[in-house]
Amino acid sequence: MNKPVFRDSESDLSFQAGRFAGKTLVYTLLLAWAAVCLFPIYWTATTSFKMAPNVMQGALVPWVDYTPAWLGWRSLGLSPETIGAESTVRSEFLKRFFNSTIAALSSSTIAVILGSLAAYGLSRFSYRFLFMRNSDISFFFLSQLILPPVVLALPFLVLYRELALLDTRIGLILLYTLTVLPIVIWIMRDQFESIPTELEEAALVDGLSIWGAFFQIILPIALPGMVAAFILSLVLTWNEYFFAALLTSTHANTLPVMVASQTGSQGINWWSMAALSFAAILPLIIIGVVLERYLIKGMTAGAVK
Amino acid sequence: MNQRDLLHVVAADDISAARRRFGHAIVWGAAFLLAVVAAAQTAQRTGFADFGFQTWRPTLYAYILWAICLCWSQVLIRGEHGKRTLFVLPAALFVVSLTVFPLLFGLVIAFSDWNLSSPLGRQFNGLDNVRQMWSDPFYWNALGNMVWYSLAILVEYAVAFGLALLLNAEIRARKFFRVAFLLPLMLSPVAVSWMIGKSMLELRFGPIARFARWLGWDNPSFFGSPEIAKFTIMLLDAWTFIPFMMIMILAGLQAIPKELTEAARVDGAGPWKSFWEVTFPLMLPVSVTAILIRIIFKLKLADIVINITSGGPGGATDTVTSFIFREYRDRSNVGYGTLLAMVYLVIIIIAMTVLMKLAERFARPRT
């Protein structure tokens, strides 16, 4: 009598099999899409260590298919042998990198400051300017998102030429701030609306001014939202290419412009292009992995009520 | 409409007449200075007098001074109420001066023949640009391409929805998958267009071309024929932006209370039916928001087109933005390009208004 007392009936067994098949399918799909997402990054990273024959053979796995070499990074002046020596390519690269960093960081900072203030005001007080009320003012800010960059590009080109702002970092920063400001206001308005007004009321009763209450009570609570808005702006401004390609030429070039300008000229050096691209995307990969929480918070602001 | 302040502030302002006068004085003084500087520069421009200005920078500085005085005077004149205005005023001034003014200026440029490299300068040419646009097949072609690119969003949406459902299922290592799925969005389009468009799609030894050959496509060409080139660009753009829709939909899915799907299961609905009858209708508002935002971003598509195909073959992959970009790069004709951009803006505004009205009706919860 080995028959178990409790056993799964036939229908339960088939259900388990179905569940197992379902799990397998889910994980297969997940892994397949993860491969689609990650393979290009892997390809770029490995190509930067390949030499010409490796590229031609389409070698995939380092140390198995080919021996990694520092060729790509040497052409950027960033390999172990060349890192100590003088390198014009490296200083060029660092200059572009620095330009990108300055433009992205400062425009995001300005946008977060201006945008948070405006969003706070719009979520707390009622304004009237001519015919415009709060909802109209909000719509005015958010409608900037629809404006395609190409509409502003040529007028700005001419204006900047007259103002001697062409090919300067300040010019780029102003435009980048403008492009990310609506997104910041969108995120921050959502953030401030979730904070109850009783908090400020208590602070006002205790003798703080409006601005005092804003800085001492509200800002610390809204900080996660501000970080989210900042990170999202950083991603958008770091990657921006269109304005940078039109408005800068030699001094204020950003990294995307440098990457783009390499592709056409003098036959393609796969390894150095890969190294350059990888260096351009690396900061954002790090941000994406470390601060993924904030990015998701920023992207989902206002979407789910 | 509730037009009262959410936050009540008892303002006990005692603003002296002198302070008010001072407030008015700085704002009008700065405005006067701005007017004088602008007039002087215009005079120099038109050749009446020479003040030795190299650029329009002094006018810019005068404008900034005026803006600062305007903000300051709000507090001086209106006290506590002015301090509230100060929250919104800087952002509003910034946006107005950086969009409204260039747009008005752009309207002037749009009706002129202005080649930046020629010494003639701007010449008003009335409706010539409009006529040229009317008979420019490449512009209409680019507009048509935008319609195709926008339609691709529906497929992207379906894929994103599927991925969000997968991520929402009970799985292990969810954080890893979420980060991995999010990464394409972080990469700069220029780097993507090199990494994938140039390197992985390279016909002789790119991994994707090898893969296609292994699948049995003898002579893979990804940018050869117009249809395939357009499709490849769509795929590349989808690869970058699917994570964005996926994250929004995932947030929506996670906001659905578990009880609802459980109730559906108790009532005897299978997974397929419970998706279509419960989950999908509940997801409509989020879906509509995601699609609308995605359309807005899609209409700005340019970077990968400029860098991979520069519009070719024969304008098959052109977007409006990349077309205007080349129009300027090749001929440095600011006037014509601006007119094209303005027409594009008008079309976008009309289309988006219609879409938003439709979406509002469509996403309203069924009663």
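What you are looking at is a predicted structure, and each value in this text was computed from that prediction instead of being measured. The numbers attached to residues start from 1 for each chain and follow its sequence in the written order. As they are written, the chains are lettered A onward and the ligands numbered 1 onward, keeping that order. Per-residue local features of the predicted model are confined to residues with pLDDT of at least 70, and side-chain atom pairs are confined, for both listing and counting, to 80 or more; whole-chain, interface and lining totals are unaffected and use all residues.

1. A look at the overall build of chain A
- A run of H or I in DSSP counts as a helix once it spans at least four residues, and a run of E counts as a strand once it spans at least two, with each numbered from the N terminus. Looking only at helices and strands, one finds 13 helices and zero strands in chain A.
- Counted from the first residue to the last, chain A has its helices and strands arranged as α-α-α-α-α-α-α-α-α-α-α-α-α.
- Its C-alpha radius of gyration of 26 Å places chain A more than 25% over the 19 Å reference for a compact globule of 305 residues.
- Over its C-alpha atoms, taken along the principal directions, chain A stretches across nearly 80 × 75 × 35 Å.
- For chain A, buried positions account for 46% of its 305 residues.
- Contacts here follow a simple rule: the backbone-placed C-beta atoms of the two residues must lie within 7 Å. In chain A, the share of contacts with a sequence separation of at least 24, taken over all contacts with a separation of at least 6, comes to 73%. Within these notes, the globule rule equals 2.2 Å times the number of residues to the 0.38 power, and the radius of gyration is based on C-alpha atoms. Buried, partly exposed and exposed are defined by the number of other C-beta atoms within 10 Å of a residue's own C-beta, namely 20 or more, between the two limits, and 12 or fewer respectively, with C-beta atoms placed from the backbone.

2. Points about the overall build of chain B
- The number of helices and strands found in chain B is 13 helices and two strands.
- Taken over the C-alpha trace, chain B has a radius of gyration of 28 Å; the compact-globule value for 367 residues is 21 Å, which it surpasses by more than 25%.
- Considering only C-alpha atoms, chain B reaches an extent of 75 × 60 × 35 Å along its principal axes.

3. Here's the deal with the domain arrangement of chain B
Residues and elements named next belong to chain B.
- Partitioning chain B into structural domains gives domain 1 (17–110) and domain 2 (131–363).
- Where each domain starts and ends comes from a domain assignment, either automatic or drawn from a database. For domain 1 and domain 2, the distance between their C-alpha centroids amounts to 41 Å.
- Taken together, the four residues of domain 1 in the interface contact five residues of domain 2.
- Basically, the charged four are Asp, Glu, Lys and Arg, the nonpolar ten are Ala, Val, Leu, Ile, Met, Phe, Trp, Tyr, Cys and Pro, and anything else, Gly included, counts as polar. Class assignment of the residues belonging to the side of domain 1 that touches domain 2 gives a composition of three nonpolar, one polar and no charged.

4. Section: the interface of chain B and chain A
- Counting residues at the interface gives 80 residues for chain B, matched by 83 residues for chain A.
- Among the elements that make up the side of chain B that touches chain A, the one with the highest residue count is helix 2 (residues 57–110) of chain B (16 residues).
- Tallied by class, the residues present in the side of chain B that touches chain A amount to 58 nonpolar, 12 polar and 10 charged.

5. Here we look at helix 1 (residues 17–46) of chain B
Residue and element names in this part refer to chain B.
- One less than the residue count of a helix, multiplied by 1.5 Å, gives the span that helix is expected to have. An ideal rise of 1.5 Å per residue puts 44 Å on 30 residues; helix 1 measures up with 43 Å between its terminal C-alpha atoms.
- Taken together, the buried positions of helix 1 are G23, A30, L34 and V37.
- Buried-residue contacts for helix 1 involve helix 2.
- After helix 1 finishes, the residue G47 shows a positive phi value of roughly 90°.

6. Some words on the nonpolar core
- Core analysis: the biggest nonpolar cluster contains 170 residues, and A118(A), V184(A), M246(B) and I249(B) have the highest contact counts within it.
- Counting contributing residues, this core receives three or more from each of domain 1 (17–110) and domain 2 (131–363) of chain B.
- In this view, M246(B) contacts A160(B), L163(B), A164(B) and F181(B); residues no more than four positions away in its chain are not counted.
- In terms of nonpolar packing, the next biggest core, distinct from the first, is built from seven residues, L34(B), A62(B), W66(B) and C69(B) among them. Joining buried Ala, Val, Leu, Ile, Met, Phe, Trp, Tyr and Cys residues through C-beta atoms within 7 Å gives a set, and that set is a nonpolar core.

7. Focus on unusual backbone geometry
Residues and elements named next belong to chain A.
- Non-glycine residue A164 carries a positive phi angle of around 55°.
- Turning to its location among the elements, A164 is positioned in the loop between helix 6 (149–163) and helix 7 (169–193).
- Unusually for a residue other than glycine, D167 sits at a positive phi of about 60°.
- On the secondary structure map, D167 appears in the loop between helix 6 and helix 7.
- You can call D167 partly exposed: it has 16 C-beta atoms within 10 Å.

8. Focus: the UniProt feature "transmembrane region" (unreviewed entry) in chain A
All names here are of chain A.
- UniProt positions are given in the numbering used here, feature names are shortened, and annotations may be inferred rather than shown by experiment. UniProt feature "transmembrane region" (unreviewed entry): in the numbering of this structure it lies at residues 20–43, 97–119, 139–158, 170–188, 208–234, 241–259 and 271–291.
- As annotated, residues 139–158 comprises 75% helix and 0% strand, and the C-alpha atoms at either end are separated by 28 Å.
- End-to-end, the C-alpha atoms of residues 208–234 are 33 Å apart, and along that stretch the chain is 93% helix and 0% strand.

9. Topic: the environment of I249(B)
Residue and element names in this part refer to chain B.
- Along the chain, I249 falls in helix 8 (residues 226–255).
- Taking the C-alpha atoms as reference points, I249 and L235, separated by 14 residues in sequence, lie 20 Å from one another.
- For I249, the contacting residues outside a window of four places in its chain are A160, F161, A164, M283, V286, S287 and A290.

10. Overview of the packing of helix 9 (residues 210–239) of chain A against helix 13 (residues 292–300) of chain A
Residues and elements named next belong to chain A.
- All axes here are fitted lines through C-alpha atoms, helices being fitted over the stretch that makes contact, and every angle between N-to-C directions spans 0 to 180 degrees. Contact geometry for helix 9 and helix 13: axes closest at 8 Å, N-to-C directions at 90°. When the interaxial angle is binned, helix 9 and helix 13 end up roughly perpendicular. For the pair helix 9 and helix 13, the contacting residues are P224, V227, A228, A229, I231 and L232 in the first and Y294, L295, K297, G298 and M299 in the second.
- Class assignment of the residues belonging to the contact of helix 9 with helix 13 gives a composition of nine nonpolar, one polar and one charged. Note on terminology: angles under 35 degrees are roughly parallel, angles over 145 are roughly antiparallel, angles of 65 to 115 are roughly perpendicular, and the others are oblique.

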